[in-house]
Each structure stands twice: as C-alpha cells, then as structure tokens.
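Summary of the model geometry
Next come the chains, spelled out residue by residue.
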Amino acid sequence: MNKKYTPVPCAFYDELEAAVVKKLNCEIIYLENEEEKIINSKVIDLKNIQKEEFMILENNQQIRLDFILFFNGISPKDKNYC
C-alpha cells in the first residue's frame, strides 16, 4: 500500500507527542500491506521522512501516521477525543 500521504489531525498528533514525552507503552492498531496489525510498544520519536510522517517505535519499527487505525483506543478519525 503506497498511497499518497494524508496528514493526521493536529489533535491526534498531540496524543502521539504526549506518548513520546511520557514514555508510555501504547497499543497501536495499523495497516501494513492492507492487513490490520496490532503492536504494543513505546513510541520513541515522530519523524518526517520524505514529506511523510512516521512514528518510530522502541524496536526501530516505523509506522506511517496515516496508516494508524487506533492509538490507545483513539481513532484519528474520531473528532470527540479532544
């Protein structure tokens, strides 16, 4: 799946940044090759790589932010979590 990057909402990005600062263990549900995956890990950084945003996990795995379906139960499409 190599679609054009779609930026995530700022409020969702704020949730990701808070997890990095607090060094929280997080549950991340995301798409990889059109398959839903679940991982529990700490997010250690958020990076912009070639005009796409990624979260970097403690095992150095990179997840493109617009492939995230849920982050600690929060959907980037949910407008009620702010």
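One structure accompanies this document, and this report is about it. The structure presented is a predicted model; accordingly, all values stated were derived computationally and were not measured.

**A few points about the layout of surface pockets**
Put simply, the largest pocket is a space of about 290 Å³. For the largest pocket, the lining is made up of 15 residues, of which Lys3, Asp66, Ile68, Pro76 and Lys77 are closest to its centre. In terms of residues, the lining of the largest pocket owes the most to one element, strand E5 (residues 68–71), which gives 3 residues. Along the lines of polarity and charge, the residues of the lining of the largest pocket split into 10 nonpolar, 2 polar and 3 charged.

**Digging into helix H1 (residues 10–22)**
Here H1 spans 18 Å end to end across 13 residues, near enough to the 18 Å set by a 1.5 Å rise per residue. Among all positions of H1, only Ala11, Phe12, Leu16 and Ala19 are buried. The buried residues of H1 occupy an angular sector of 155° when projected down its axis, which confines them to one face. Facing away from the buried side of H1 by more than 90 degrees, the exposed set consists of Cys10 and Val21. Remark: Lys23 follows H1 within two positions and exhibits a positive phi of approximately 55°.

**Topic: the side chain of Ser41**
Along the chain, Ser41 turns up in strand E2 (residues 35–49). Those residues within four positions of Ser41 in sequence are excluded, and the remaining contacts are Leu24, Asn25, Cys26, Leu57 and Glu58.

**A few points about the nonpolar core**
Among the nonpolar cores identified, the biggest contains 18 residues, and Ile28, Val43, Met55, Ile63, Leu65, Ile68 and Phe71 are the most heavily contacted of them. Where this core is concerned, the elements lending two or more residues are H1, strand E1 (25–32), E2, strand E3 (52–57) and E5. Those residues in contact with Ile28 that sit more than four places away from it in its chain are Lys37, Ile38, Ile39, Val43, Met55, Leu57, Ile63, Ile68, Phe70 and Phe71.

Rules of the game
- Residues numbered from 1 in each chain as written.
- Predicted model: local features only at pLDDT ≥ 70, side-chain atom pairs only at ≥ 80, totals over all residues.
- Heavy atoms only, no water.
- 1 Å grid on protein atoms, 1.4 Å probe; cavity = no way out; pocket = protein on both sides within 12 Å on 5 of 7 lines; lining within 4 Å.
- Points joined across faces, edges and corners; volume = space filled by probe spheres on them.
- Helix = DSSP H or I, 4+ residues; strand = E, 2+ residues; numbered from the N terminus.
- Nonpolar A, V, L, I, M, F, W, Y, C, P; charged D, E, K, R; others polar.
- Expected span 1.5 Å × (residues − 1).
- Buried < 20%, exposed > 50% of the residue type's maximum accessible area, 1.4 Å probe, protein only.
- Arc of directions from axis to C-beta.
- Contact = heavy atoms within 4.5 Å.
- Core = buried A, V, L, I, M, F, W, Y, C linked by side-chain atoms within 4.5 Å.

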